[in-house]
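For reference, the chains in residue letters:
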Amino acid sequence: MSKELMESVPEFKDLIDFLKSHNLDEPVWKVLGGSPIHYKKLNALVVNMLSLRNTATDEIVNQVKDHLESVLLKAFTKTVLSSSANTKHIINIFREKQTTKIPKAELEAMGFPLDYPNKVFRDVFVAKEDLYIVPSSPAVSLIISENVQNGAGVRELRDKLFKPA
């Protein structure tokens, strides 16, 4: 789902308003992307905290940051770290090429066909005929592109996402 479409969902209005008013909307988008299910989880957290009278805004902001860190940590530990040796080779190719998509045929020609099931990558058609391999989620894409190697790297990525521009 596009960012504009996600922001137009009535159920997410209070969440989006809060995120935008605290400059959290871009980091949230970078981690969650267009996944309504992920926004629904974050929405439940934020709207619940907003409904409590004595909840400080800083506390809610920290909860948003912690939530994104948990999404990134899960992408790292349960997806990237637990992947097959072949998939780890493909991750390294993505990192070396500094890209977010590679033609499937190119990977196969290099001797790295995508193994299935695969939680790190998925196939997508680009231009109707070209099949590419892309990260399975925005969080996984960030883990790969930012070369996260451990839990401390996840925390550094979280902090980097929220640094003022």
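Procedures and definitions
- Residues numbered from 1 in each chain as written.
- Predicted model: local features only at pLDDT ≥ 70, side-chain atom pairs only at ≥ 80, totals over all residues.
- Heavy atoms only, no water.
- Buried < 20%, exposed > 50% of the residue type's maximum accessible area, 1.4 Å probe, protein only.
- Helix = DSSP H or I, 4+ residues; strand = E, 2+ residues; numbered from the N terminus.
- Arc of directions from axis to C-beta.
- Contact = heavy atoms within 4.5 Å.
- Pairing = 2+ DSSP bridges.
- Axes fitted to C-alpha atoms, helices over the stretch in contact; angles between N-to-C directions.
- Parallel < 35°, antiparallel > 145°, perpendicular 65-115°, else oblique.
- Left-handed = near helix turned anticlockwise from the far one by under 90°.
- Nonpolar A, V, L, I, M, F, W, Y, C, P; charged D, E, K, R; others polar.
- pLDDT = per-residue confidence, 0-100.
- Phe/Tyr/Trp six-rings, centres within 6.5 Å; stacked < 30°, edge-to-face > 60°.
- Lys NZ or Arg CZ within 6 Å of the ring centre and 35° of its normal.

Attention shifts here to helix α3 (residues 25-32). For α3, the set of buried residues is Asp25, Pro27, Val28, Val31 and Leu32. Along the axis of α3, the buried residues cluster in a sector spanning 165 degrees; they form a single face. Its buried side turned inward, α3 meets α1 (3-7), α2 (13-21), α4 (36-51), α5 (57-80), α8 (138-145) and α9 (151-161). Looking one or two residues beyond α3, the residue adopting positive phi is Gly33, at roughly 60 degrees.

It is worth spelling out the environment of Arg122 at this point. Here Arg122 is to be found in strand β2 (residues 121-126). You can call Arg122 partly exposed: its relative accessible area is 42%. Separated by 12 residues in the primary sequence, Arg122 and Val134 place their C-alpha atoms 5.6 Å from one another. Setting aside residues up to four positions removed in sequence, Arg122 forms contacts with Tyr132, Ile133, Val134, Pro135 and Ser136.

Before going further, it helps to examine α8. Buried residues dominate α8, accounting for six of its eight residues. Among all positions of α8, only Ala139, Val140, Ser141, Leu142, Ile143 and Ile144 are buried. Looking one or two residues past α8, Asn147 carries a phi angle of roughly 55 degrees, positive in sign.

Alignment of β2 against strand β3 (residues 130-135), held across six bridges, turns out to be antiparallel. Counted as the bridge partner of Phe121 is Pro135 from β3. Between β2 and β3, which pair antiparallel and follow one another directly, the connecting turn spans three residues, one of which, Ala127, has a positive phi of 60 degrees.

On to the packing of α3 against α5, then. Running from N to C, α3 and α5 cross one another at 20 degrees; their axes reach a closest spacing of 10 Å. Between α3 and α5, the interaxial angle falls into the category roughly parallel. The handedness of the crossing between α3 and α5 is left-handed. The segment α3 lies against α5, with Pro27, Val28, Val31 and Leu32 engaging Val64, Leu68, Val71 and Leu72. Split into classes, the residues belonging to the contact of α3 with α5 amount to eight nonpolar, no polar and no charged.

On to unusual backbone geometry. A cis amide bond links Tyr116 with the next residue in sequence, Pro117, at an omega value of -5 degrees. The topology assignment puts Pro117 in the loop between α7 (104-109) and β2. Backbone geometry places Asn23, a non-glycine residue, at a positive phi of 55 degrees. With a phi angle near 50 degrees, Gln98 is a residue other than glycine that sits in the positive phi range. Tracing the chain through its elements places Gln98 in the loop between α6 (85-97) and β1 (102-103).

Moving on: the confidence of the model for the chain. Per-residue confidence for the chain gives a mean pLDDT of 93, with 99% of residues at or over 70. No element of the chain has a lower mean pLDDT than α4, which averages 90, and none a higher one than α8, which averages 97.

Another aspect to go through is the sheet that holds β2. Ordered in space as β1-β3-β2, the three strands form an open sheet in which the pairing is antiparallel. Where the open sheet ends on each side, the last strands, each with one partner, are β1 and β2. Running at roughly 55 degrees to β2, α6 makes contact with β1, β2 and β3 of the sheet.

Taken as a whole and judged by the stated rule, the model has two aromatic pairs. For the ring pair Phe12 and Tyr39, a centre distance of 6.0 Å and an interplane angle of 45 degrees mean the geometry is tilted. In this pair, Phe12 sits in the loop between α1 and α2 while Tyr39 sits in helix α4, placing the two residues 27 residues apart along the sequence. For the pair Phe12 and Tyr39, one class covers both residues: buried. Taking the ring centre of Tyr132 as reference, the NZ or CZ of Lys101 above it sits at 5.1 Å.

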